[in-house]
Amino acid sequence: MIYLSQLMGNPVYASDGEKIGSVSDLGIATGEVFPRVTSLAFKGPGRTPFMISWRKYVDTYDEKEIHLKVPATEIRFSYLQPDEVLIARDILNKQIVDTRGMRVVRVNDLKLSDTNSTQLRLLGAEVGARGILRSLSPALERGVLKLSRTFGKPIPEKIIAWSYMDLVERDLSNVKLSVSHKTLDDMHPADIADIIERLDPRLRGQVFAQLDDEQRAGAMAEFDDDAMAAELMRLMGVQEQRAIRQLLGYREDTAGRIMTSEFAALPEDKTVADAVALLRGLDEDFESVRYVYLTDEDNKLCGVVTLNQIIVSEPDTRLGDICTEEVITASPEDDQEDVAEDIAKYNLLAMPVVADDGHMLGIVTVDDALDVLEEEHAEDLQIAGGAPSDDDNAQGGDLVWLLRRNAWFFLWVVGAAAMAVGLPALGVDSSTVLLMCAAMPVALVVADDSISYVTNFFLQNDPDDDDSPSMLGFTVKSLGIGVVLAAVAVLAALMLDSVVRAGSPAALASVSTGFFAAAAAILLSFLLSPLYLVYLRKRDEKNQDASGFALSMCSMVVALAVFVAIVIVKAVVL
């Protein structure tokens, strides 16, 4: 195996040993599963660019140099063919779409396979850290790899095969791609929307322009960013704009926003044969059909027939005779999470969304419901202080986990170090400072726990539910917990004082001071709990994310400030 970075800049020698230039690029034929290198581009004297046929002229190559079969005088230069691209110019350091992993990545290097002594084929793109290290220096890559293996954290290659790459920074409309190549046109609208949102702004329009109107409409409905949707909407036709504007007219996180307008419906007096004919006439990419919905003479929803019922019934059976009249529906303004929970509760494969006048607007499918529940779970996990796993960030995951789980320890170290440096300048002995800091972890850990208490209450209780505890009840309970825990810390301080008075080492008095300070910090942490709850609910009303970890850090910093202030007053003023 060899990499493009190892070939770039290498000298090119004619058969007589004359150096005629240095490698600047390689051309490939795109219409193959693993494209052959078809052209060698190099810079000659005066940095003049040249291109020659790889098969016709290249004799041998390695990581240091390339030798040609003929002398310089016999070389005939060629041009890039319509089905060829230059991999350094068109792929290296560019964004590509990984159509297997459904993500946008940047190419850091390109991996080549030397199938025989002269032929090279492109295997895929290196999108990981090793490609960056190798492009800087092969020796640097080897050193980092050795170090990472020493610590049990090897850095793997991240190769995306050519058959799963889609180039977005070059117009390849006239290039024949591999027969196994999956382009954006074949992908689900939700994946297309996710990819477009991750692209550089200057590339979004290029990718969007490659889609047909139906794909554009599907992707627009999946966008999270309304501003970007409005910007790209200008590229659509008038008819598609009207349909998408109707979808975007509903509020965020409502049934209307996640519903699809594709559903199968017939008048209730039609027969099973009519339903079969309708289903057979649907396009291949029509939203999956689980039900046929029935409408009355006013075109209002009046029943539903399952596919099972259609299959087992006689062709001339009237649909109204086999339908279920009691249909569970949603309003377009209903909260998407409530709709998803109802779909799960009633074991539905889809739920119709109905306007106030009874007309059917669309359906929310079980797939949409699962997406909503997954999104809500991720938000709840974030508020609770957790974090979803991410394979792409696995290398740094351990450090992040350590910081999040033990933030109190790092704050303790910082607080103790600050006091050890600052208080001696005020005449307080360093050993006394360290003894005072012994109780600081108590204040920090309880402050962290107070946020866990708030977030658990927030996640488990809906303020609109009459059975949920009131804000007053929550405040009283928080105050009670704070008083009890603070009293425990005060009791510990009093016990230490009594031990000092009994003739034990006076140094314990400093520890006692720390526990008095911790008691005050604990009480304040729970007194502030209602404010944190109000903050979470306000963010939730505005559909904005909230981080439980950030709240925990805020609570611990406040507790640390109170602790330090009391210790300073006790040690210096008194």
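Worth saying up front: this structure is predicted, and the values here are computed from it rather than measured.

Quick look at the overall build of the protein now. Scanning the protein for helices and strands turns up 24 helices and 19 strands. When each of the 574 residues of the protein is scored for burial, the buried share is 40%. Here the analysis covers contacts within the protein between residues at least 6 apart in sequence; of these, 61% occur between residues at least 24 apart.

Applying the stated criterion across every chain, the model contains 12 aromatic pairs. Ring centres of Trp 408 and Phe 409 lie 6.0 Å apart, and the angle between their planes is 85°; on these two criteria the pair is classed as edge-to-face. When the ring centre of Tyr 3 is taken as origin, the NZ or CZ atom of Arg 134, which lies over that ring, is 3.6 Å away.

This part covers the sheet that holds strand β17 (residues 301–306). Pairing between sheet strands relies on hydrogen bonds along the backbone, with the strands arranged either parallel or antiparallel. Spatially, β15-β16-β17 is the arrangement adopted by the 3 strands of the open sheet, whose pairing is mixed. Whereas interior strands pair on both sides, the edge strands pair on one side only; in this sheet they are β15 (264–267) and β17. Between one strand axis and the next, the sheet turns by 30° as a mean value, whatever way the strands run. Two strands pair when backbone bridges link them, and β15 and strand β16 (residues 291–295) are joined in this way by 4 bridges, in the parallel orientation. Paired with Ala 264 across the strands is Val 292, a residue of β16. Lying over the sheet, helix α12 (residues 272–280) contacts β15 and β16, oriented at roughly 150° with respect to β15.

Let us look at the nonpolar core. In this structure, Leu 26, Leu 40, Trp 54, Leu 68, Ile 87, Leu 112 and Leu 120 are the most contacted members of the largest nonpolar core, which totals 35 residues. With 4 residues, the top contributor of residues to this core is strand β3 (residues 19–29). Every residue in contact with Leu 112, bar those within four places of it in the chain, is listed here: Met 1, Ile 2, Tyr 3, Leu 4, Leu 7, Leu 26, Val 37, Ile 87, Leu 120, Arg 121, Leu 122 and Leu 123. Formed by 27 residues, the second largest nonpolar core is a distinct cluster that contains Leu 423, Met 440, Ala 517 and Val 567.

It is worth spelling out the packing of helix α20 (residues 440–460) against helix α23 (residues 529–541) at this point. In contact at an axis separation of 10 Å, α20 and α23 are set at 45° when each is read in the N-to-C sense. When the axes of α20 and α23 are compared, the pair comes out oblique. You can see that α20 and α23 cross each other, and the crossing is right-handed. In this structure, α20 contributes Ser 450, Ile 451, Val 454, Thr 455, Phe 457 and Phe 458 to the contact, and α23 contributes Ser 529, Tyr 532, Leu 533, Leu 536, Arg 537 and Asp 540. Of the residues contributing to the contact of α20 with α23, the split by class is 7 nonpolar, 3 polar and 2 charged.

With that settled, the discussion passes to a nonpolar patch on the surface. There is a patch of nonpolar side chains on the surface, built from Ile 132, Leu 136 and Leu 140 and spanning about 280 Å² of accessible area. Along the chain, the position of Leu 136 falls in helix α4 (residues 129–136). What makes Leu 136 exposed here is its relative accessible area of 61%.

Time to look at the pattern of salt bridges. For the structure on display, the rule yields 6 salt bridges. Residues Arg 318 and Asp 321 are paired through a salt bridge, measuring 3.2 Å at the closest nitrogen-oxygen approach. By relative accessible area, Asp 321 is classed as exposed at 58%. Three or more residues joined by partner-sharing salt bridges are found here, namely Asp 109, Arg 130, Arg 134 and Glu 141.

For helix α18 (residues 407–422), with 16 residues, the first-to-last C-alpha span of 22 Å sits near the 22 Å given by 1.5 Å per residue. Turning to α18, its buried residues number three or more, namely Ala 407, Leu 411, Gly 415, Ala 416 and Met 419. The arc that holds the buried residues of α18, viewed along the axis, is 155°, so those residues lie on one side. What points out from α18, more than 90 degrees from its buried face, is the exposed set Val 414 and Val 421.

This brings us to α4. Listed as buried for α4 are Arg 130, Gly 131, Leu 133 and Arg 134. The buried residues of α4 occupy one face: seen down the axis, they fall within an arc of 165°.

Another aspect to go through is the environment of Ala 41. Note on placement: Ala 41 falls in strand β4 (residues 37–43). It is 9.7 Å that separates the C-alpha atoms of Ala 41 and Ser 78, two residues lying 37 residues apart in sequence. Dropping the residues within four chain positions of it, Ala 41 is found in contact with Ser 22, Val 23, Ser 24, Asp 25, Phe 50 and Met 51.

As a further point, take the confidence of the model for the protein. When pLDDT is averaged across the protein, the result is 78; 74% of the residues are at 70 or more. Low pLDDT, under 50, characterises residues 168–182; the predicted model gives this stretch 44 contacts beyond four residues in sequence or across chains. Every residue in residues 387–396 is under pLDDT 50, and counting partners more than four places away or in other chains gives 8 contacts.

A separate point is the pairing of strand β18 (residues 350–354). A large share of β18 lies buried, amounting to 5 of its 5 residues. Here β18 shows no split at all, with Ala 350, Pro 352 and Val 354 on one side and Met 351 and Val 353 on the other all buried. Here β18 runs beside strand β19 (residues 360–365); their pairing, made up of 5 bridges, is antiparallel. Across the sheet, residue Met 351 finds its bridge partner in β19, namely Val 364.

Mapped onto the elements of the fold, Arg 55 is located in helix α2 (residues 54–57). Judged by relative accessible area, Arg 55 falls into the exposed class, the value being 67%. Through-space distance from the C-alpha of Arg 55 to that of Leu 40 is 9.3 Å; in sequence the pair is 15 residues apart. Setting aside anything within four residues of it in sequence, one finds Arg 55 in contact with Thr 38 and Lys 69.

Rules behind the numbers
Residue numbers here run from 1 along each chain, matching the order of that chain's written sequence. At least 70 in pLDDT is required for a residue's local features to be given in this predicted model, at least 80 for side-chain atom pairs to be given and counted, and no such filter applies to totals for whole chains, interfaces and linings, which use all residues. Just so you know, side-chain values use all the structure's heavy atoms and leave hydrogens and water out. Working definition: helices are DSSP H or I runs of at least four residues, strands are E runs of at least two. Numbering for both runs from the N terminus. Whether a residue is buried, partly exposed or exposed follows from its accessible area with a 1.4 Å probe, protein chains only, as a fraction of its type maximum: under 20%, in between, or over 50%, in that order. Residue contacts follow a heavy-atom distance rule, with two residues in contact if any of their heavy atoms lie within 4.5 Å. For Phe, Tyr and Trp, where Trp contributes only its six-membered ring, two rings pair if their centres lie within 6.5 Å, and the inter-plane angle classes them as stacked under 30 degrees, edge-to-face over 60, or tilted in between. Working rule: Lys NZ or Arg CZ, within 6 Å of ring centre, within 35 degrees of ring normal, means a charge sits over the ring. Between any two strands, pairing holds if DSSP finds at least two bridges. Here the axes come from fitting lines to C-alpha atoms, over the contacting stretch only for helices, and the angles between their N-to-C directions go from 0 to 180 degrees. Only buried residues count toward a nonpolar core, which is a set of Ala, Val, Leu, Ile, Met, Phe, Trp, Tyr and Cys residues joined through side-chain atoms within 4.5 Å. Each angle receives one of four descriptions, namely roughly parallel if under 35 degrees, roughly antiparallel if over 145, roughly perpendicular if within 65 to 115, and oblique otherwise. In this scheme, a crossing is called left-handed if the near helix is turned counterclockwise away from the far one by less than a right angle; it is called right-handed if the turn is clockwise. Lys, Arg, Asp and Glu make up the charged group, whereas Ala, Val, Leu, Ile, Met, Phe, Trp, Tyr, Cys and Pro make up the nonpolar group; the residues left over, Gly among them, are polar. Residues with no salt bridge and a relative accessible area higher than 30% make up the patches, which join like charges within 9 Å and nonpolar side chains (Val, Leu, Ile, Met, Phe, Trp, Tyr) within 5 Å. Computed with a 1.4 Å probe, the accessible areas rest on the Shrake-Rupley method; for each residue, only the protein chains presented here act as cover. For this analysis, a salt bridge means a side-chain nitrogen from Lys or Arg found within 4 Å of a carboxyl oxygen belonging to Asp or Glu. By this rule the span expected of a helix is its residue count minus one, scaled by 1.5 Å. The arc under discussion is defined with respect to the helix axis, by the directions toward the C-beta atoms. On a scale of 0 to 100, pLDDT captures the predictor's confidence in every residue.

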